[in-house]
Amino acid sequence: MQHQLDFKHICFQYPNSQASLFKELNFSVKTGELVGILGSSGSGKTTLTEILLGRHRPTCRHFQMLEDGSPLSTAVKWSYVPQQNLLREYLRVSEIFNIYADIHLKTAKANEKQQRIFQTLQDLGLSDFKDKKISELSGGQKRRVSIGIEMLSDSRYFILDEPSSGLDALSDRNLLRTLKIMARVNQKAIVVITHNTENLAILDKLIFLSKGKPTFVGSFEELLMEFKTTDRFTVKKYLDLSIADLYQELNASGRIYDI
Ligand SMILES: Nc1ncnc2c1ncn2[C@@H]1O[C@H](COP(=O)(O)OP(=O)(O)OP(=O)(O)O)[C@@H](O)[C@H]1O
Ligand SMILES: [Mg+2]
């Protein structure tokens, strides 16, 4: 069964600041979807994440959070992968996965846990490294371990902060594709926070922030529809996108529009 979270009227103001962030942002997140929160430095990505995780309370009077249409009073249980890898260097990959399987899957039988670990290692291309110590892994491999141990969780909703940090362009693309497949197959909603605008077409939903304000919420197709009516300089200003990134993305997706 598909589940949906709706966030309505998100606004936020830091106590010592005049600036009002998010301008009553509305969006939804569905299980099976890969969602991107995108924007340059200072655009509000971390602040929005803190709101989703329930660490900041939105300041709009009409703020509402709904799950499957019913209002929620407490924060949603998200699984969260922070930007920094917090892994003990002396442990082996399989040991870390076993520790997290015990934490996340308390009631599962031993063979179910092993099956989940096996599948997750395989999905993230880590099977060949399972006997290595964390200290022996590359930055990208460590990043995938950090993501994998959270993906063992039974949560429906996941937030990954800069999942691709430390990865080259191709690995970044592959990781996003893997996350999209994991979202579909396991019926999870996966939200990625990133300043990288190179792989927009992989994301099912895009939430662009610019200087604390939402500038676009929708699918990549809808983003392109907007571009069709806008000249390239306006588009650049509008989304804080680099035109080089945009052309690369359009070429890669095989959809060339006259923008
Ligand atoms: N504790 C705070 N008090 C006051 N203003 C803050 C505080 N934290 C962030 N801000 C402001 O809120 C805005 C959004 O900041 P935020 O940290 O959410 O951006 P970001 O998109 O995560 O940036 P980055 O990519 O650099 O991490 C910025 O203008 C920032 O200066
Ligand atoms: Mg940030």
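Rules used throughout
Residues numbered from 1 in each chain as written. Chains lettered and ligands numbered in written order. Predicted model: local features only at pLDDT ≥ 70, side-chain atom pairs only at ≥ 80, totals over all residues. Helix = DSSP H or I, 4+ residues; strand = E, 2+ residues; numbered from the N terminus. Buried ≥ 20, exposed ≤ 12 C-beta atoms within 10 Å, placed from the backbone. Contact = placed C-beta atoms within 7 Å. pLDDT = per-residue confidence, 0-100. Pairing = 2+ DSSP bridges. Axes fitted to C-alpha atoms, helices over the stretch in contact; angles between N-to-C directions. Core = buried A, V, L, I, M, F, W, Y, C linked by C-beta atoms within 7 Å. Domains from an automatic or database assignment. Arc of directions from axis to C-beta. Near = placed C-beta within 6 Å. Nonpolar A, V, L, I, M, F, W, Y, C, P; charged D, E, K, R; others polar. Expected span 1.5 Å × (residues − 1). Parallel < 35°, antiparallel > 145°, perpendicular 65-115°, else oblique. Left-handed = near helix turned anticlockwise from the far one by under 90°.

Glancing now at the overall build of the protein. Broken down by element type, the protein carries 8 helices and 10 strands. Across the 259 residues of the protein, 33% fall into the buried class. Here the analysis covers contacts within the protein between residues at least 6 apart in sequence; of these, 70% occur between residues at least 24 apart.

A few words on the confidence of the model for the protein. Mean pLDDT over the protein: 85, with 87% of residues reaching 70 or higher. In this model residues 255-259 is a low-confidence stretch, pLDDT under 50, and it forms 11 contacts with partners more than four residues away in sequence or in other chains.

Before going further, it helps to examine the sheet that holds strand β9 (residues 205-210). Strand order across the open sheet formed by 6 strands is β6-β7-β8-β3-β9-β10, with mixed pairing between neighbours. The open sheet is flanked by β6 (78-81) and β10 (213-218), the only strands paired with a single partner. Each neighbouring strand pair of the sheet contributes to a mean axis angle of 15 degrees, computed without reference to strand direction. This element, helix α1 (residues 45-52), spans β3 (34-38), β6, β7 (157-161), β8 (189-194) and β9 of the sheet and lies at about 155 degrees to β7.

To continue, consider the nonpolar core. Ranked by size, the top nonpolar core spans 57 residues in total, and within it Ile190 and Val191 carry the most contacts. Structurally, this core is a two-domain feature, drawing no fewer than three residues from each of domain 1 (29-56 + 157-259) and domain 2 (85-154).

Turning next to α1. Listed in full, the buried residues belonging to α1 are Lys45, Leu48, Thr49, Ile51 and Leu52. Viewed along the axis of α1, the buried residues span an arc of 160 degrees, placing them on a single side of the element. Taken from the residues just after α1, Gly54 is the one with a positive phi, measuring 80 degrees.

Another point: the site of ligand 1. Ligand 1 sits among 13 residues. The nearest are Tyr14, Ser41, Lys45, Thr46 and Thr47. Taken together, the residues that form the shell around ligand 1 break down as 1 nonpolar, 11 polar and 1 charged.

Turning next to helix α3 (residues 110-123). Between its first and last C-alpha atoms α3 spans 20 Å; for 14 residues at 1.5 Å apiece the expected length is 20 Å, and the two agree. Along α3, the residues classified as buried are Ile117, Thr120 and Leu121. Down the axis of α3, the smallest arc covering the buried residues is 100 degrees, so these residues share one side. For α3, exposure combined with an orientation more than 90 degrees from the buried face picks out Asn111, Glu112 and Gln122.

As a packed pair, helix α2 (residues 93-104) and α3 sit with axes 10 Å apart at the nearest point and diverge in direction by 130 degrees. Looking at the two axes, α2 sits oblique to α3. Judged by the sense of rotation from one axis to the other, the crossing of α2 with α3 is right-handed. Two secondary-structure elements touch here, α2 through Phe97, Asn98 and Ala101 and α3 through Lys113, Arg116, Ile117 and Leu121. Among the residues forming the contact of α2 with α3, the class breakdown is 4 nonpolar, 1 polar and 2 charged.

Before going further, it helps to spend a moment on the sheet that holds strand β1 (residues 4-12). With respect to topology, 4 strands assemble into an open sheet ordered β2-β1-β4-β5, the strand pairing being antiparallel. Only two strands of the sheet have a single partner each, and these edge strands are β2 (21-30) and β5 (70-71). Across 2 bridges, strand β4 (residues 64-67) lies against β5 in antiparallel orientation. Bridge pairing in β5 links Leu66 to Pro71.

One way to put it is that α2 packs onto helix α4 (residues 139-151) with a least axis distance of 9 Å and a crossing angle of 25 degrees. Classified by the angle their axes make, α2 and α4 are roughly parallel. Seen along the crossing, α2 lies across α4 with a hand that is right-handed. Along its contact with α2, which presents Val93, Ile96, Phe97 and Tyr100, the element α4 presents Val145, Gly148 and Ile149. Residues of the contact of α2 with α4, tallied by class, amount to 6 nonpolar, 1 polar and no charged.

Tracing the backbone through its elements, the reader meets Ser41 in the loop between β3 and α1. Residues Ser41 and Leu209, 168 residues apart in the sequence, show an inter-C-alpha distance of 9.9 Å.

A few words on the pairing of β3. With 5 of its 5 residues buried, β3 lies for the most part within the structure. Both faces of β3 are covered, namely the face carrying Leu34, Gly36 and Leu38 and the face carrying Val35 and Ile37. One ladder, built from 5 bridges, connects β3 with β8; its direction is parallel. Counterpart to Leu34 in the pairing with β8 is Ile190. By the bridge criterion, 4 bridges tie β3 to β9 in an arrangement that is parallel. Counted as the bridge partner of Leu38 is Phe208 from β9.

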